[in-house]
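# Summary of the model geometry
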Amino acid sequence: MSTWGSWTLIAGGAVLLLAPGLVVLAGWLPGSFRHAQAPVRLLGGSALALYGLVLANEVPRLAGASSGARATCAHVGLGLAGLTVALVILYDLLAGRSRRGRQQPPGTGT
């Protein structure tokens, strides 16, 4: 990837992941999450972990690190990706049935 592409990922991640994640962790909740039954801060934490993945993969590349250092950072990024998935799954489990989809109409099954 080019240097320009790496900087684009870092800047885009800061706008799309870092800022909203920090705001949610600070206590602000978007309108659709105000009545959520699960802790919405889990989603803020998952956004920060995902931005950490971007940083773990792009900063060593920009710094011109050795292939061993880049591989180590890629493994750290893989762990952060797993953490992101785990936090989203935990949020979904804590949210209960109401967040998993719309209610089934009467007489259509479970």
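The structure presented is a predicted model; accordingly, all values stated were derived computationally and were not measured.

### Observations concerning the pattern of salt bridges
- This structure, assessed with the given rule, holds one salt bridge.
- Its salt-bridge partner being glutamate 58, residue arginine 61 comes within 3.2 Å of it at the nearest N-O pair. Remark: glutamate 58 and arginine 61 occur in helix α2 (residues 41-63); sequence separation between them is three residues, near one turn of the helix.
- Of the residues examined, arginine 61 reaches a relative accessible area of 36% and is grouped as partly exposed.
- Residue classification places glutamate 58 among the buried positions, given a relative accessible area of 5%.

### Looking at the confidence of the model for the protein chain
- Residues at a pLDDT of 70 or more form 87% of the protein chain, whose mean pLDDT is 86.
- For the protein chain, helix α1 (residues 3-26) is the element with the lowest average pLDDT, namely 90, and helix α3 (residues 67-95) is the one with the highest, namely 94.

About the thresholds
Residues numbered from 1 in each chain as written. Predicted model: local features only at pLDDT ≥ 70, side-chain atom pairs only at ≥ 80, totals over all residues. Heavy atoms only, no water. Salt bridge = Lys/Arg side-chain N within 4 Å of Asp/Glu carboxyl O. Helix = DSSP H or I, 4+ residues; strand = E, 2+ residues; numbered from the N terminus. Buried < 20%, exposed > 50% of the residue type's maximum accessible area, 1.4 Å probe, protein only. pLDDT = per-residue confidence, 0-100.

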